[in-house]
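Given next are the chains, with one letter for each unit.
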Amino acid sequence: MAGKAIVVTSGKGGVGKTTTVANLGTGLALMGRRVCMVDADIGLRNLDVVMGLENRIVYDLVDVVEGHCKLRNALIKDKRVENLFLLPAAQTREKDAITPQQMKEICEVLKEEFDYVLIDSPAGIEHGFRNAIAGADEALVVTTPEVSAVRDADRIIGMLEAHELGAPKLIINRIRPDMVRRGDMMDIEDVIEILAITLIGVVPDDQDVIVATNKGEPVVFDRRTRSGQAYHNIVRRLEGEDVPLMQLDNDGLVERLRRLFNRDARRRKAQ
Amino acid sequence: MLEFFGRLFGRDEGSKKAAKDRLRLVLVHDRASLSPQLLESLKEDLIETISKYMEIDTEGLEVNLDQEEDTMALVASIPIRRVRRGVAAKANS
Ligand SMILES: Nc1ncnc2c1ncn2[C@@H]1O[C@H](COP(=O)(O)OP(=O)(O)OP(=O)(O)O)[C@@H](O)[C@H]1O
Ligand SMILES: [Mg+2]
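To start, this report covers the structure provided alongside it. None of the values given here were measured: they were computed from a predicted structure.

## What to know about the overall build of chain A
- Looking only at helices and strands, chain A has 12 helices and eight strands in total.
- For chain A, the spread of C-alpha atoms along the three principal axes comes to 60 × 45 × 35 Å.
- Of all 271 residues assigned to chain A, the portion counted as buried reaches 53%.
- For chain A, the proportion of contacts with a sequence separation of at least 24, taken over those separated by at least 6, is 74%.
- Entry remark: accessible area of chain A is about 12600 Å², with carbon and sulfur atoms responsible for 47%.

## What to know about the interface of chain A and chain B
- Taken residue by residue, the interface counts 15 residues in chain A and 15 residues in chain B.
- Around 1300 Å² of area is buried between chain A and chain B when both sides are counted, 55% of it from carbon and sulfur atoms.
- When residues of chain A are sorted by the area they lose upon contact with chain B, Val147, Arg151 and Ile194 of chain A head the list and together hold 37% of the total.
- The interface formed by chain A and chain B holds six salt bridges in total.
- Between Lys16 of chain B and Asp190 of chain A there is a salt bridge; the shortest N-O distance is 2.9 Å.
- Our enumeration of links across chain A and chain B arrives at 10 residue pairs in polar contact (both at pLDDT 80 or more).
- Here the residues of the side of chain A that touches chain B sort into six nonpolar, one polar and eight charged.

## Overview of the nonpolar core
Residues and elements named next belong to chain A.
- Counting 55 residues, the largest nonpolar core has Cys36, Val38, Leu87, Leu110, Ile119, Leu160 and Ile175 as its most contacted members.
- Broken down by element, this core gets its largest block of residues, five residues, from helix 7 (residues 147-162).
- Apart from residues no more than four positions distant in its own chain, Val38 is found in contact with Leu47, Leu87, Met103, Leu110, Val117, Leu118, Ile119 and Asp120.
- Membership of the second largest hydrophobic core comes to 36 residues, among which are Ile57, Val81, Val203 and Tyr231.

## Things to note about the site of ligand 1
Residues and elements named next belong to chain A.
- In the vicinity of ligand 1, 18 residues are found, and the nearest of them are Gly14, Lys17, Thr18, Thr19 and Asn173.
- Between ligand 1 and Val15, the relevant distance is 3.2 Å, taken from an oxygen atom to a main-chain nitrogen or oxygen of the residue.
- Here an oxygen atom of ligand 1 and a side-chain polar atom of Thr19 are 2.5 Å apart.
- Expressed as a share of its isolated accessible area of 630 Å², the protein-covered part of ligand 1 is 80%.
- At the level of elements, helix 1 (17-30), strand 7 (169-175), strand 8 (198-204) and helix 10 (207-215) are the ones that each hand at least two residues to the shell around ligand 1.
- For the shell around ligand 1, the class distribution of residues is six nonpolar, seven polar and five charged.

## Overview of the sheet that holds strand 6 (residues 138-143) of chain A
Residue and element names in this part refer to chain A.
- In space, the eight strands of this open sheet follow the order 3-4-2-5-1-6-7-8, with mixed pairing throughout. What marks the edges here is a single partner per strand, and that holds for strand 3 (76-77) and strand 8.
- In this sheet, strand 6 lies alongside strand 1 (residues 4-9) in parallel orientation, the contact comprising four bridges. Pairing of Val7 across the sheet is with Ala139, part of strand 6.
- Lying over the sheet, helix 7 contacts strand 1 and strand 6, oriented at roughly 170° with respect to strand 6.

Rules of the game
Residues numbered from 1 in each chain as written. Chains lettered and ligands numbered in written order. Predicted model: local features only at pLDDT ≥ 70, side-chain atom pairs only at ≥ 80, totals over all residues. Heavy atoms only, no water. Helix = DSSP H or I, 4+ residues; strand = E, 2+ residues; numbered from the N terminus. Buried < 20%, exposed > 50% of the residue type's maximum accessible area, 1.4 Å probe, protein only. Contact = heavy atoms within 4.5 Å. Areas by Shrake-Rupley, 256 points an atom, 1.4 Å probe, with all protein chains shown as cover. Buried area = accessible area lost by both parts, 1.4 Å probe. Salt bridge = Lys/Arg side-chain N within 4 Å of Asp/Glu carboxyl O. Polar contact = N/O pair within 3.5 Å; in protein donor to acceptor, adjacent residues only side chain to side chain. Nonpolar A, V, L, I, M, F, W, Y, C, P; charged D, E, K, R; others polar. Core = buried A, V, L, I, M, F, W, Y, C linked by side-chain atoms within 4.5 Å. Near = heavy atom within 4 Å. Pairing = 2+ DSSP bridges. Axes fitted to C-alpha atoms, helices over the stretch in contact; angles between N-to-C directions.

None of the figures reported here should be taken as evidence of function without further support.
Below, the structure is given as structure tokens:
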């Protein structure tokens, strides 16, 4: 059976698209799925470093399109997880080095091999965005709970609908329970109400994401982290499971102690 | 000072309300200004509906979005030629 291609997009830059692709891709592969992540951010490739695969790139997406290599030869195999591959973007080329039609063809071929093709879209609504969505069957829209990010998400949702991509689903990233609690950040309900689309997950703002990115190991590898748990939950929802939203605002004493304890345990393990 | 006490007693709503209100407004604008076609098709639907009740001057019909301080309104000016006979009777029965 052919797999499906899912594009992760946002409109506004820097809200967490690449982090999302890395974690969902890794998480799905950890569940035993065959996954290929495609970096469609030509000229500003990042997925390779977030995944810790930057030293292994030989060929890239544009090489494939221009016939310098076979598609198979450009795929980088992750050594930590079975069945996880990356098709890197070209770093020294322009966004228009490939066309939406070419992107579509590549996705079609990949879908025969993989259960999931996850496409990391560049920010913006121009050529790179159109390439990224060209081969996609579904879309995930990432936003943070901020005015400008939500505004841009709304624009993107409109464009996705115009391209007849099935109803996009929303990921709210970098939510801060402490700020929500004191009324200084929009809550999940606020964002959903404004954008009127289906939510597929919420990821807290979490230092562990940055620590993980520093190491080139997606945070989903460590499910004791809150963000790792959040990404794992989204993975299960993609797989059709009905997983309740994780409790973000549990800053009771017990919870704080538990986290402290976990952190110490992790440190000890790392030493 | 007042704001300080507001915060102290947890009465202040924080900046979230401002964020939400501003977003709502800017999206009304964004969504509407996305397509002049939208206004056009709204006009056509209006003409169709209103024509059931009265004869209107479709040429002189105007529909605009008006933005004031913090509200947005759809303002329509629709010159009526004549009300259709029997409409009132139908509505009352
Ligand atoms: N949940 C999170 N908690 C903390 N930091 C995060 C979280 N998600 C993303 N970040 C950080 O935010 C920054 C931007 O993330 P990322 O590169 O994934 O965004 P992007 O949408 O792909 O950006 P671009 O539009 O430039 O491609 C990174 O430094 C990343 O580590
Ligand atoms: Mg990115």
